[in-house]
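# Reading the structure
Here is what each chain is made of, one letter per residue.
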Amino acid sequence: MKLLKWLSVTDRFYKIYLDKQLAPFGINNSQYMFLIKICRSPGILQDSLMNMFYVHPSNIVRTVAALEKQGMIMRSPNDKDKRTCKLYPTERALSVIDEVQTVCEKTEALLLQGFRESDKNLFIDLLIQAGENITAELRIERKGDEFND
């Protein structure tokens, strides 16, 4: 149970920390990943974000709507599939994205402070494996759900 406790503690506190660091840019800890991906991949399909970030489609819709309302992204119709749209960063997003990326890098460095380089890489690999384990289990349990795509 020690693992679950510390995963929970780390998750809560890094999100609080990120919210404080990202506040000057008008975004929060649930939006930064989307904004970075849209800025780095202009024209990305909204639907592709679901599998990329392992979140429910309704969360993607809300996050994209919030970023659009904040003037960070624009939606454009997808000529090939009317059920989804393409996402593009605005000038406002492009003007802050490098600073947002720096905040994220500094947060990762803080989380890994005191780790030897080899331990950092091992920890990241193990955390990815743990994430893959639990998402694979949920995909099995949620058969037929949109999370499977």
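What you are looking at is a predicted structure, and each value in this text was computed from that prediction instead of being measured.

### With respect to the overall build of the chain
- Across its full length, the chain carries six helices and three strands.
- Put simply, the chain runs from its N terminus to its C terminus through helices and strands in the order α-α-β-α-α-β-β-α-α.
- By the burial criterion, 29% of the 149 residues in the chain qualify as buried.
- The long-range fraction of contacts in the chain, counting pairs at least 24 apart against all pairs at least 6 apart in sequence, stands at 56%.
- Roughly 10000 Å² of accessible area belongs to the chain as shown, and the carbon and sulfur atoms make up 58% of that amount.
- Charge centroids of the chain, computed over 21 positive and 20 negative side chains, lie 3 Å from each other.

### Topic: helix α5 (residues 91-111)
- Between its first and last C-alpha, α5 extends 31 Å over 21 residues, near the 30 Å set by a 1.5 Å rise per residue.
- At I97, α5 shows its largest kink, close to 45°.
- Listing the buried residues of α5 in full gives A93, V96, I97, V100, V103, C104 and T107.
- Residues of α5 that are buried in the fold lie against α1 (2-22), α2 (32-40) and β3 (85-89).

### Structural notes on the packing of α2 against α5
- Where α2 meets α5, the closest approach of the two axes is 10 Å, and the angle between their N-to-C directions is 125°. Viewed along their axes, α2 and α5 adopt a mutual orientation that is oblique. Regarding α2 and α5, the two cross each other, and that crossing is left-handed. Residues Y32, L35, I36, C39 and R40 of α2 pack against A93, L94, I97, D98, V100, Q101 and C104 of α5.
- Of the residues in the contact of α2 with α5, the class split is nine nonpolar, one polar and two charged.

### Looking at the sheet that holds strand β2 (residues 73-77)
- As summarised here, the arrangement of the three strands in space is β1-β3-β2, forming an open sheet in which the pairing is antiparallel. Every other strand in the sheet has two partners, leaving β1 (44-45) and β2 as the edge strands with one partner each.
- Sheet analysis places β1 next to β3, joined by two bridges and oriented antiparallel. Looking across to β3, one finds that L45 is bridged to K86.
- Sheet strands touched by helix α4 (residues 57-69): β2 and β3. Its angle to β2, the strand with the most contacts, is close to 115°.

Analysis parameters
By convention here, each chain's residues receive numbers from 1 onward along its written sequence. Owing to the predicted nature of the model, reporting of local features is limited to residues with pLDDT of at least 70; listing and counting of side-chain atom pairs is limited to 80 or more, with chain, interface and lining totals taken over all residues. Only hydrogens and water are set aside when side-chain values are computed; all heavy atoms of the structure are taken into account. The helix count covers DSSP runs of H or I at least four residues long, the strand count covers runs of E at least two residues long, and both are numbered beginning at the N terminus. Exposure categories follow from relative accessible area, calculated using a 1.4 Å probe and restricted to protein chains: below 20% of the type maximum is buried, above 50% is exposed, and the middle band is partly exposed. Any two residues whose heavy atoms approach within 4.5 Å are treated as being in contact. Accessibility throughout is a Shrake-Rupley quantity obtained with a 1.4 Å probe, and a residue counts as covered only by protein chains that appear here. Charge counting treats Lys and Arg as positive and Asp and Glu as negative, with His and both chain ends excluded. Where a charge sits is defined by one atom per residue type, namely NZ (Lys), CZ (Arg), CG (Asp) or CD (Glu). What a helix should span is 1.5 Å times the count of its residues minus one. Two axes define the bend at a residue: one fitted to the seven residues ending there, one fitted to the seven starting there, and the bend is the angle between them. Axes, fitted as lines to C-alpha atoms, cover a helix only where it is in contact. Angles between the N-to-C directions of the axes lie from 0 to 180 degrees. An angle counts as roughly parallel when it lies under 35 degrees, as roughly antiparallel when it exceeds 145, as roughly perpendicular when it falls between 65 and 115, and as oblique in every other case. Should the near helix be turned anticlockwise from the far one by less than a right angle, the crossing is termed left-handed; should it be turned clockwise, right-handed. Basically, the charged four are Asp, Glu, Lys and Arg, the nonpolar ten are Ala, Val, Leu, Ile, Met, Phe, Trp, Tyr, Cys and Pro, and anything else, Gly included, counts as polar. The pairing criterion is simple: DSSP has to find at least two bridges between the two strands.

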